[in-house]
Amino acid sequence: APPPSVTIDNQTYATDSWFNIPPNVLSATSRQLHLQQDHPVAITRQILERVFPKPKFTTYNTHPPVVSTYQNFDSLGFPADHPGRSKSDTYYISRSTLLRTHTSAHQKQTFAFSNDASPGYLISADVYRRDEIDRCHYPVFHQMEGALTWDRRTVAGGDLAGAVWKDLEALPKHDIHVGDSNPAFHPKRNPLQIGHHTPSEAEAVAAHLKKSLEAMAVEIITRAREAAVASGISPQDAEQEEPLRVRWVEAYFPFTTPSWELEVFYGGDWLEVLGCGVVKQSLLVDAGTPCRVGWAFGIGLERIAMLLFNIPDIRLFWSRDERFLSQFAGLSAAVDKADFSGLRRFQPFSRFPECYKDVSFWLRSVSAAGGNTHGVGADDFHENDIMEIVREVAGDDVEDVRLVDEFTHPRTGRKSLCYRVNYRSLERTMTNEEVNAMHERVREKLVDRFRVELR
Ligand code: PHE
């Protein structure tokens, strides 16, 4: 049964039957890694904030994580049946309050404060998503939201597109290789906002958005290379490992059009680092700033920190182990003074043994005709449910969980799943008994909560 209320950031919230937040996630709300001096998430925030300086951009870094469904979804135009709203994706306190799944939840309230003295903003905060378990995913992470708008009434000569292009000319030049092969507009997913923007206005805002975010990517990759070289990697190798290549990929968000994702070529692969687009005018109208036009982006800070410091596992950010934290000592103050000479690659401490355990179980048949009618049906079991149980039991002592087998019995129609859990601590060697006990508890919880039949 859910607790009748929960207290987060000194505020008490009433729960109802929608409550679905496990204790380990609830306790993470107090950590605020983006504000912890010398924490790599905070250092990354500081580096990015330098790319979008005050007073043009106002920073908001202390918004509490509890928001309304209106803020997180409705104000941004998410349809009523959007999968992001489901209890298998989102942590709810009650039907109408939740742990924000993205910093965009604060867009509308923040656009309301935009003005010509501060036409932009940055919001950094912890965000929460039920998700898979691997070295890049954790149910809590941090995002930075950024936006910039222009007021059509006050731009020079009343020429919005002209003013935006002029501002673009003033942005820092770079010579990275940018792939940009998608057309800006797509008739369904990313139409021009007819009646709000002319094509040339939308193109000017989009071009300004891309140039600004490319400048941010250059900053990140430059710092990552410097850190690599300062750690003893040869400049040629650093360049090999971090070539300056980015590309724009068309994307869809309910609150921007056109929209893109920016991908960075890193470690031999294209890594998605941010989502962005031209803000839907309806949002600015609702915010009480109908004459402002502009762009917004959202970026995951852990992803960027992993790239900057070569951090191999997202769980490390939550570690209180001095072998981790001490490697970043003094960097917050230095970065504040634009001194990046102390940036180094993270030196991993020895890896501890891994331990694989499988769990196989039957779900109830969907038709329910074939026998077992109690238990969770294949239609209402979500992979995130097992992820959460493993996190509840093993905490940070699990590295990844993967589906390794899945089949449906030809006669009964029942579905069987097999998941492989890799238990591994970042900080110590675990005993076999300890891992066996954890795995047994995972099995018990699966039966208790979902009435599956273990095999
Ligand atoms: N909120 C989006 C996400 O979390 C990112 C985004 C922010 C996209 C702002 C467009 C504009 O995926």
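Quick notes on the rules
Counting of residues starts from 1 at the beginning of each chain's written sequence and follows it residue by residue. Where totals are concerned, whole chains, interfaces and linings use all residues; where local detail is concerned, this predicted model gives features only for residues with pLDDT of at least 70, and gives and counts side-chain atom pairs only at 80 or more. Simply put, an axis is a line fit to the C-alpha atoms, just over the touching stretch for a helix, and the angle between two N-to-C directions goes from 0 to 180 degrees. By definition, any uninterrupted DSSP run of H or I lasting at least four residues is a helix, any uninterrupted run of E lasting at least two residues is a strand, and each is numbered from the N terminus. Orientation categories follow fixed angle ranges, with anything under 35 degrees roughly parallel, anything over 145 roughly antiparallel, 65 to 115 roughly perpendicular, and all other angles oblique. Two residues form a contact once the distance between their C-beta atoms, set from the backbone, is within 7 Å. Nearness here has a simple definition: the residue's C-beta atom, placed using the backbone, must lie within 6 Å of the molecule or strand. In this count, Pro and Cys sit with the nonpolar residues alongside Ala, Val, Leu, Ile, Met, Phe, Trp and Tyr, while Asp, Glu, Lys and Arg are called charged and the others, Gly among them, polar. All the domain ranges listed were derived from an automatic or database domain assignment. Here a strand pair is declared whenever DSSP counts at least two bridges between the two strands. Given a helix with a known number of residues, its expected span is that number minus one, times 1.5 Å. Note on burial: count the other C-beta atoms lying within 10 Å of the residue's C-beta; 20 or more is buried, 12 or fewer is exposed, in between is partly exposed, and C-beta positions come from the backbone. Along the arc lie the directions from the helix axis toward the C-beta atoms.

**Q** Quick one: what's the story with the packing of helix α2 (residues 40-51) against helix α9 (residues 301-309), residue by residue and with numbers?
**A** Here α2 crosses α9 at 95°, and the two axes come no closer than 9 Å. Classified by the angle their axes make, α2 and α9 are roughly perpendicular. Of the residues in α9, those touching α2 at Pro40, Val41, Thr44 and Arg45 are Leu301, Glu302, Ile304, Ala305, Leu308 and Phe309.

**Q** Break down the site of the ligand for me, citing the residues and quoting the values.
**A** Taken together, the residues surrounding the ligand are His102, Ser104, Glu145, Phe253, Thr256, Gly275, Cys276, Gly277, Ala296, Phe297 and Gly298. Those elements that provide at least two residues to the shell around the ligand are β12 (269-279) and β13 (292-300). By residue class, the composition of the shell around the ligand is 4 nonpolar, 6 polar and 1 charged.

**Q** Tell me about the domain arrangement of the protein chain, and please be specific about residues and values.
**A** Looking at the protein chain, the domain boundaries give domain 1 (31-65 + 100-336) and domain 2 (355-454). Domain 1 puts 13 residues into the contact, and the matching count from domain 2 is 13 residues. Residue composition of the side of domain 1 that touches domain 2, grouped by class: 4 nonpolar, 1 polar and 8 charged.

**Q** Help me get a handle on the pairing of strand β1 (residues 5-8), residues and values and all.
**A** In this structure, β1 lies alongside strand β2 (residues 11-14), joined through 4 bridges in antiparallel fashion. Looking at the pairing, Val6 lines up with Tyr13 of β2.

**Q** Give a detailed account of the sheet that holds strand β6 (residues 97-99), specifying residues and quantitative values.
**A** With antiparallel pairing, the 3 strands of this open sheet are ordered in space as β4-β6-β5. On the outer flanks of this sheet lie β4 (66-68) and β5 (92-94), each paired with one strand and no other. Going from strand to strand, the sheet's axes swing by 30° on average, the running direction of each strand aside. Alignment of β4 against β6, held across 3 bridges, turns out to be antiparallel. The partner of Val66 across the bridge, within β6, is Leu99.

**Q** An account of helix α13 (residues 432-450) is needed here, citing residue identities and associated values.
**A** Under the 1.5 Å per step criterion, the end-to-end length of α13 is 27 Å for 19 residues, consistent within 8% with the ideal 27 Å. Taken residue by residue, α13 has Val435, Met438, Val442 and Leu446 as its buried positions. All buried residues of α13 lie within an arc of 80° about the axis, which places them on one face of the element. The exposed set on the far side of α13, more than 90 degrees from its buried face, consists of Glu433, Ala437 and Asp448. For α13, the secondary structure elements touched by its buried residues are β14 (355-362), α12 (383-394) and β16 (415-423).

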